[in-house]
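Commentary on secondary and tertiary structure
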Amino acid sequence: MSYVRVLRLLLPAALLLLLLPVASAHADDDRVPPVRDRATRAACGSCHMAFQPGFLPARSWEAIMASLDNHFGARVALPEGEREAVTRYLVQNAGDRISGELASAFMARVHPRGTPRRLTENPEFIHEHRKTSWYEVGNSAIGSIVNCRACHRKAEKGRYDD
Ligand code: HEC
Ligand code: HEC
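- An unreviewed UniProt entry lists the chain under the name Cytochrome C, with Phaeovibrio sulfidiphilus given as the organism.

So this is what it looks like as structure tokens:
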């Protein structure tokens, strides 16, 4: 093989090696898998962002989906078939059913016998937002802390590291 040929082969590999650690560090740390299911995005993304199921354990999603008539003071109307399909998606992708650092960090702080309905009450969430001055305000100009997209531009992709 000629010198040039070897270089041509090695250069892309070297570039890849340089880029890989950056990409994988991001993927693991600050990301939960985005909501890929169209039905879930439609049913749960109109009033607020469709929260990633990785932030709550399976039993929480079951409880939330079993009480849509009284959903944090709102009423979520869903045909039964759709309710079942969305529940299945949320449960299968719940924080205690998937791997990943961010989901694990949240799951580690869920009480073993607790069934939280809010990810914003998870101690990990509270800790991460301790310096966020809007936290106590509730309803400020940007909306409440529940409005993830107000501060995290890539929230819907499951990225919260900006
Ligand atoms: C009709 C409007 C509406 C729809 C549709 C809706 N929600 Fe909500 N949801 C709310 C309101 C209102 C709150 C409370 C927001 C607040 O505390 O500021 C809320 C809060 C939540 C929270 C708690 C957020 C936190 O504080 O951690 C979860 C989880 C949640 N919704 C899941 C769902 C799921 C799953 C669906 C789809 C089945 C859904 N929502 C559809 C209105 C809605
Ligand atoms: C008022 C602005 C604001 C809102 C609203 C908000 N966040 Fe944050 N969030 C922050 C700030 C600031 C940080 C700290 C960033 C840092 O330390 O790099 C943070 C950190 C995080 C982290 C930790 C990221 C990491 O790198 O470990 C997660 C996860 C997160 N937010 C999720 C959410 C979710 C989910 C919502 C909606 C339910 C939300 N945030 C709403 C401002 C906000």
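**Let's talk about the coordination of the iron atom of ligand 2**
- Around the iron atom of ligand 2, the protein contributes the donor atoms His-129 (NE2) and His-152 (NE2), at 1.9 to 2.0 Å from the metal centre.
- Classification of the site at the iron atom of ligand 2 rests on its 6 donor atoms, whose angles at the metal span 86 to 179°, yielding the label octahedral. Placement of His-129 in the segment after α6 (123-128) and of His-152 in the segment after α6 is noted, with a sequence separation of 23 residues between them. Comparing His-129 with His-152, the two get one shared label, buried.

**Let's talk about the site of ligand 1**
- Taken together, 21 residues sit near ligand 1, with Cys-44, Cys-47, His-48, His-71 and Thr-120 positioned nearest.
- Between ligand 1 and His-48, the relevant distance is 2.8 Å, taken from a nitrogen atom to a side-chain nitrogen or oxygen of the residue.
- Of all the secondary-structure elements, those providing two or more residues to the shell around ligand 1 are α2 (38-44) and α3 (58-65).
- Looking at the shell around ligand 1, the element that brings in the most residues is α3, giving 3 residues.
- Of the residues that constitute the shell around ligand 1, the class distribution is 13 nonpolar, 5 polar and 3 charged.

What counts, and where the lines are drawn
- Residues numbered from 1 in each chain as written.
- Chains lettered and ligands numbered in written order.
- Predicted model: local features only at pLDDT ≥ 70, side-chain atom pairs only at ≥ 80, totals over all residues.
- Heavy atoms only, no water.
- Donors = N, O, S within 2.8 Å, 3.2 Å for Na, K, Ca; no water.
- Tetrahedral: all angles 85-135°; square planar, octahedral: opposite > 155°, others 65-115°.
- Helix = DSSP H or I, 4+ residues; strand = E, 2+ residues; numbered from the N terminus.
- Buried < 20%, exposed > 50% of the residue type's maximum accessible area, 1.4 Å probe, protein only.
- Near = heavy atom within 4 Å.
- Polar contact = N/O pair within 3.5 Å; in protein donor to acceptor, adjacent residues only side chain to side chain.
- Nonpolar A, V, L, I, M, F, W, Y, C, P; charged D, E, K, R; others polar.

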